[in-house]
Amino acid sequence: DAGVIQSPRHEVTEMGQEVTLRCKPISGHNSLFWYRQTMMRGLELLIYFNNNVPIDDSGMPEDRFSAKMPNASFSTLKIQPSEPRDSAVYFCASSPIGPNYGYTFGSGTRLTVV
Amino acid sequence: KQEVTQIPAALSVPEGENLVLNCSFTDSAIYNLQWFRQDPGKGLTSLLLIQSSQREQTSGRLNASLDKSSGRSTLYIAASQPGDSATYLCALSTGKLIFGQGTTLQVKP
């Protein structure tokens with residue numbers, strides 16, 4: 001299994017541009033999570049999906065952030081327009097649904113907005 | 001609201017020491033608890049997963065315990081090595097994963 005795959009690994013963009021981060025979960029994992037990590041705030045949950053349906057998006061900081069999961073093998077996190085304070089590492093994680101399972105994280109996307 | 005606290009925030013020890021990292025949480029209604037390791041600039045690697053009904057899990061030199069009644073978990077690292085230097089994160093699952101701020105460990109040769 002290739003694990004959770006995120007792309008791109010690094011993204012540098014100018015303020016005001018649209019940014020799209022991508023995630024492919026582990027096959028068979030029905031839950032998908034997007035996290036953001038910064039030095040100041042640590043790891044924050046942005047949104048998670050069960051069976052492709054958004055369950056909790058209370059961590060999405062602003063309307064500039066949106067996430068979709070059109071099918072079981074793909075999810076996107078979009079920021080439009082991007083701002084310098086969005087600079088962070090964005091992680092995607094997946095797990096099977098249920099209380100007995102752990103989470104597997106991707107390698108992350110390091111976003112820099114200049 | 002579930003809060004997860006890790007103490008200490010940073011720890012520096014000489015090689016060979018046994019050490020304990022602490023994690024406390026406010027709500028015992030959890031599915032499981034997971035310990036992760038994060039190297040600088042890297043992703044999260046799962047170390048141990050303890051189910052809600054379990055008291056401990058072991059993997060090699062690592063042992064994690066869980067006491068839901070007191071809201072505590074510990075990660076014990078035996079015979080520490082410089083390669084153990086990393087940030088260790090405790091995370092609670094309640095359907096979603098809630099993280100502590102981590103303990104940054106430095107093991108000096």
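Residues numbered from 1 in each chain as written. Chains lettered and ligands numbered in written order. Predicted model: local features only at pLDDT ≥ 70, side-chain atom pairs only at ≥ 80, totals over all residues. Heavy atoms only, no water.

## Let's talk about the state of the cysteines
Here is step 1 of the chain: Going through the model one piece at a time under the given rule, you end up with 2 disulfides over all chains.
Here is step 2 of the chain: In this model Cys23 of chain A forms its disulfide with Cys92 of chain A; the gap between the sulfur atoms is 1.9 Å. Linking Cys23 of chain A and Cys92 of chain A, the disulfide has an S-S dihedral of approximately -70° and is accordingly described as left-handed. Note that Cys23 of chain A is positioned in strand β3 (residues 19–24) and Cys92 of chain A in strand β9 (residues 88–95), a separation of 69 residues in sequence.
Here is step 3 of the chain: Sulfur-sulfur distance for the disulfide between Cys23 of chain B and Cys90 of chain B comes to 2.0 Å. As the torsion about the S-S bond is roughly -55°, the Cys23 of chain B-Cys90 of chain B disulfide counts as left-handed. Placement of the pair is Cys23 of chain B in strand β3 (residues 19–25) and Cys90 of chain B in strand β9 (residues 86–93), with a sequence separation of 67 residues. Across this residue pair, the class does not change: Cys23 of chain B and Cys90 of chain B are buried. (Disulfide = S-S within 2.5 Å. Helix = DSSP H or I, 4+ residues; strand = E, 2+ residues; numbered from the N terminus. Buried < 20%, exposed > 50% of the residue type's maximum accessible area, 1.4 Å probe, protein only.)

## Some remarks on the pairing of strand β11 (residues 103–108) of chain B
Residue and element names in this part refer to chain B.
Here is step 1 of the chain: Taking every second residue as pointing to the same face, the buried face of β11 carries Thr103, Leu105 and Val107, while none of Thr104, Gln106 and Lys108 on the other face is buried.
Here is step 2 of the chain: Across 5 bridges, the pairing between strand β2 (residues 10–14) and β11 is parallel. Counted as the bridge partner of Val13 is Val107 from β11.
Here is step 3 of the chain: Taken together, the 3 bridges between β9 and β11 define a ladder with antiparallel strand orientation. Bridging from a neighbouring strand, Tyr88 pairs with Thr103 of β11. (Pairing = 2+ DSSP bridges.)

## So, the pattern of salt bridges
Residue and element names in this part refer to chain A.
Here is step 1 of the chain: Under the criterion given, the structure shown has 11 salt bridges over all chains.
Here is step 2 of the chain: Two residues, Glu62 and Arg85, come together in a salt bridge whose shortest N-O distance is 2.8 Å. Of this pair, Glu62 sits in the loop between β6 (53–56) and β7 (65–71) while Arg85 is found in the loop between β8 (74–79) and β9, placing the two residues 23 residues apart along the sequence.
Here is step 3 of the chain: We classify Glu62 as partly exposed; its relative accessible area is 25%.
Here is step 4 of the chain: On the basis of relative accessible area, Arg85 is assigned to the exposed category, the value being 55%.
Here is step 5 of the chain: Because the salt bridges share partners, they merge into one network encompassing Glu62, Arg64, Glu83, Arg85 and Asp86. (Salt bridge = Lys/Arg side-chain N within 4 Å of Asp/Glu carboxyl O.)

## Thoughts on the sheet that holds strand β7 (residues 62–67) of chain B
Residue and element names in this part refer to chain B.
Here is step 1 of the chain: Read from one edge to the other, the open sheet built from 5 strands follows the order β1-β3-β8-β7-β6, with strand pairing classed as antiparallel. If you trace the sheet from one side to the other, it starts and ends with β1 (4–7) and β6 (56–59), each paired once. Along the sheet, successive strands turn relative to each other by an average axial angle of 15°, direction set aside.
Here is step 2 of the chain: Summarising the sheet, β3 and strand β8 (residues 72–77) pair through 6 bridges and their orientation is antiparallel. Bridge pairing in β8 links Leu19 to Ile77. (Axes fitted to C-alpha atoms, helices over the stretch in contact; angles between N-to-C directions.)

## What to know about the nonpolar core
The tendency in soluble globular proteins is for nonpolar side chains to be buried side by side.
Here is step 1 of the chain: Trp35, Leu75 and Leu92 of chain B are the most contacted members of the largest nonpolar core, which totals 22 residues.
Here is step 2 of the chain: Among the elements of the structure, β3, β4 (32–38), β5 (44–51), β7, β8, β9 and β11 of chain B are those that each provide at least two residues to this core.
Here is step 3 of the chain: Core analysis: the next-biggest nonpolar cluster, separate from the first, contains 21 residues, Val4, Ile26, Ala88 and Tyr90 of chain A among them. (Core = buried A, V, L, I, M, F, W, Y, C linked by side-chain atoms within 4.5 Å.)

## Side note on the interface of chain A and chain B
Here is step 1 of the chain: If you look at the interface, chain A gives 19 residues, while chain B gives 19 residues.
Here is step 2 of the chain: For the pair chain A and chain B, the summed buried area comes to about 1400 Å², and 51% of that belongs to carbon and sulfur atoms.
Here is step 3 of the chain: Looking only at chain A, the three residues that lose the most surface to chain B are Leu43, Tyr103 and Phe105 of chain A, adding up to 36% of its buried area.
Here is step 4 of the chain: Our enumeration of links across chain A and chain B arrives at 1 salt bridge.
Here is step 5 of the chain: Its salt-bridge partner being Asp56 of chain A, residue Lys96 of chain B comes within 2.7 Å of it at the nearest N-O pair. (Contact = heavy atoms within 4.5 Å. Buried area = accessible area lost by both parts, 1.4 Å probe.)

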